[in-house]
Structures are given as structure tokens and as C-alpha cells.
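A closer look at the structure
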Protein chains: 2
Amino acid sequence: MTPESIKQLAKLLSQLPSLGPRQATRLAFHIASLPKEDAVALSEAARAVARLTTCTNCFSLSESGDLCYICSDKRRDQTMVAVVEKETDMMTLEKTRKYTGRYLIIGDLPKDGILTAGHRKRLQYLKKSAPAGGFSEIILALSPTTYGDLNASILAQELRTTAQKITRLGRGIPTGGEIEFADEDTLENALKNRN
Amino acid sequence: MTPESIKQLAKLLSQLPSLGPRQATRLAFHIASLPKEDAVALSEAARAVARLTTCTNCFSLSESGDLCYICSDKRRDQTMVAVVEKETDMMTLEKTRKYTGRYLIIGDLPKDGILTAGHRKRLQYLKKSAPAGGFSEIILALSPTTYGDLNASILAQELRTTAQKITRLGRGIPTGGEIEFADEDTLENALKNRN
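None of the values given here were measured: they were computed from a predicted structure. (Residues numbered from 1 in each chain as written. Chains lettered and ligands numbered in written order. Predicted model: local features only at pLDDT ≥ 70, side-chain atom pairs only at ≥ 80, totals over all residues. Heavy atoms only, no water.)

1. Brief notes about the domain arrangement of chain A
Under the domain assignment, chain A is made up of domain 1 (4-51) and domain 2 (74-168). For domain 1 of chain A and domain 2 of chain A, the distance between their C-alpha centroids amounts to 34 Å. (Domains from an automatic or database assignment.)

This is the structure:
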């Protein structure tokens, strides 16, 4: 008879993405075996993120009310948008410090090409918030995979009247990658984008 | 700039076994995006397991004070002990409903054959709590792997004067397993243990 509290924690953990029931059970037992203050710290941390709100402009998480720190930064270029699937993609782009526009977190995109009501709502908001004459550029910053390509063409179609230019991130050989092991498609793109 | 609360949750999650920093970050963002009541439920569940105590007899988790529900069950045979590495192993054995003795959770065993102070403390406790004349049997219920075999011989040596008989779980072809794909060692054991 596993303690009820372990079962409950394991059940909730197993509902998180990428955690299976066995791993969730092992994690629950591990958390139970932590020094009490560590388990309490974890509990507090989960509660703290529950207090975050959603930015009404880009739909990322916000610590400080309606607008996240990027959307409330007046120096960011409001005529340029990067559409990303998820927060972690936005973080990665921010780390380059080379992108100064705004974002739209569209949410995980489907594999069947059919946008959900949630995606449509965010696209609608983006269209409504476009400056007169449309955005100067919308970057569809989706991964260069089969599904990413499919979804990019769907989004490009949806947004065609919302921007003067719709682009995607450049493709090529990643820094540190070996030409020898690059696939043909990557090499073809690397040739095209040579500089 | 990732919200501080996300960073903190990701850091704590990444300290759990089997969770890497990237997966921890994704999980933290996911938890933040849950309906508020779901994140609070997860937080509550982590806090509830922090309230569990350690059974003073078998070292498993207890909901109700000093002794866990198995150790406080007077019908369990106190002359027989199953030594397991972890709680989940105990749970699996309990599911069979065929084992009626007590347990000792020894904790994850080392890969270098050197027992820690924690392991030694638990072994000492087991020796002290043995009935006069020793236990009738100690089952070293460790996985039949190289390290399990190594640790079983170390424990057998440590406990040689504590029990009349020291055994391990039987080896053979698992139910549903195909003879064709069984390795030689398993088959040899299956032949030896035929019944």
C-alpha cells in the first residue's frame, strides 16, 4: 500500500509532458525522501509559478501584470514580430541579443495542419494589433522540420495581409557542425545562404 | 529574461534524478502554463509527501508515525526479511501478495562495492533487531545484474551470522518471454530452477 500522498503526487507528475507513470512514481518517492526543507522549497516553487500571468500582447508568462518585460519595453521594435511556438524558443532567440522586435507565442502547432481555436485567437489578436499598413516583417521562427515547414506555410497564408514581408530563419550548417555529416538539404540551403 | 520563479522551479526540478536541465526548464514552463488550480494541486502534493516520516524498522516511508503499515502489521512473519534497494522494489514484491515477512530498505547500492555509512547503519539495525538465533531467512531481493550480484555477495558476507539462510530471487525466463530470445545465462538458470 503506497502512501496516498505519494500516489497523488505521482499522478499529478505523470500528467506533465515527457513524464511516464513509472518515472513519476520514482520521482514522487524521491521527493518524499528529500530533506523536508527541500521538498517544501519545491512545493513553494510550483506555487510561485502558478502566480505568473499571461502577457496580453505576446502570450508569454509575465511576472508583473498585463505585459511581460519584453512587451513593456518601449525600445523594442513594434513593427516586427517573431512568431514562436513556445516560451523556450523565445528565450533562445533572446539569448542572441540580436532580435529587437516583439513576439507572438502561438503555442505548440498541430501535426495535421489544422489550427485550434487557441491558435486562431492568437492570430486574430496579432492581426488586430498590427500597425496601419501591417507589420514590416513577420518572422515565422518555427523549427525547420517537416511539421515546422507545413505549419509555416499555413501561418504564412493566414498572415499574408498582415505584413509586408514574411520570413523564416535561415538554414545552413550549424556552428561546429561538420560539412561531411551535413545532409543534402542542409548543404543546399547552406550554399544558397552563403555569405 | 526568464521569470525568477520559473528559474527557481527549473533549478529544483533539475536536481531530481533522471531530469536534465532542459527537461526541467520545459516542465517549469509547462507547470506555469497549467490552470492555476492544477499548479497549486501539484504544489500541495509535494508538500504532503514532505510530511511522511521514515519507518524506524524497515526505513520505508510511513504515513502514521514510527512504523509503516507493513511493520505495524502483527500478522507479518518477523523471522523473515527481504532486503530491497528501494521502496518501488518493495511495492512490486507486495503486489504479488506472496511475501509475508518484513523488509529492509537498504537504499541504492554502490557500483564500486563500498557500502556507505547509511547502508552500514541500516545493516547494523537489522542485525540488532534479529530474533535470538537469527532470522530464519534473509532474501537479498536485488536485481540480477552485475552490480546486483556484486552487492548481493557483499551483503551476504555482512549478514552471514544474522540468518540461518540467505537467498536471492529465482532466475529464469520471465512470464511472456520467448525462449528463442533468452540469453544463455537466463536459460541456464531457467534449466536449473525448472519445476
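Here the narrative resumes, following the displayed structure.
2. A short note on the interface of chain B and chain A
In this complex, chain B contributes 43 residues to the contact, which on the side of chain A involves 43 residues. Carbon and sulfur atoms supply 72% of the area buried between chain B and chain A, which totals about 4100 Å² over both sides. Between the two partners, chain B and chain A, sit two salt bridges. The salt bridge partner of Glu-44 of chain A is Arg-47 of chain B, with a shortest N-O separation of 2.4 Å. Taken together, the links from chain B to chain A amount to seven residue pairs in polar contact (both at pLDDT 80 or more). Among the secondary structure elements, those contributing two or more residues to the side of chain B that touches chain A are α1 (4-14), α2 (21-33), α3 (36-50) and α4 (87-95) of chain B. (Contact = heavy atoms within 4.5 Å. Buried area = accessible area lost by both parts, 1.4 Å probe. Salt bridge = Lys/Arg side-chain N within 4 Å of Asp/Glu carboxyl O. Polar contact = N/O pair within 3.5 Å; in protein donor to acceptor, adjacent residues only side chain to side chain. Helix = DSSP H or I, 4+ residues; strand = E, 2+ residues; numbered from the N terminus.)

3. Regarding the pairing of strand β4 (residues 101-105) of chain A
All names here are of chain A. Of all the five residues making up β4, five are buried; the element is thus mostly covered by neighbouring parts of the structure. Taken together, the five bridges between strand β3 (residues 77-84) and β4 define a ladder with parallel strand orientation. Each residue of the ladder has a partner; that of Ala-82, found in β4, is Tyr-103. (Buried < 20%, exposed > 50% of the residue type's maximum accessible area, 1.4 Å probe, protein only. Pairing = 2+ DSSP bridges.)

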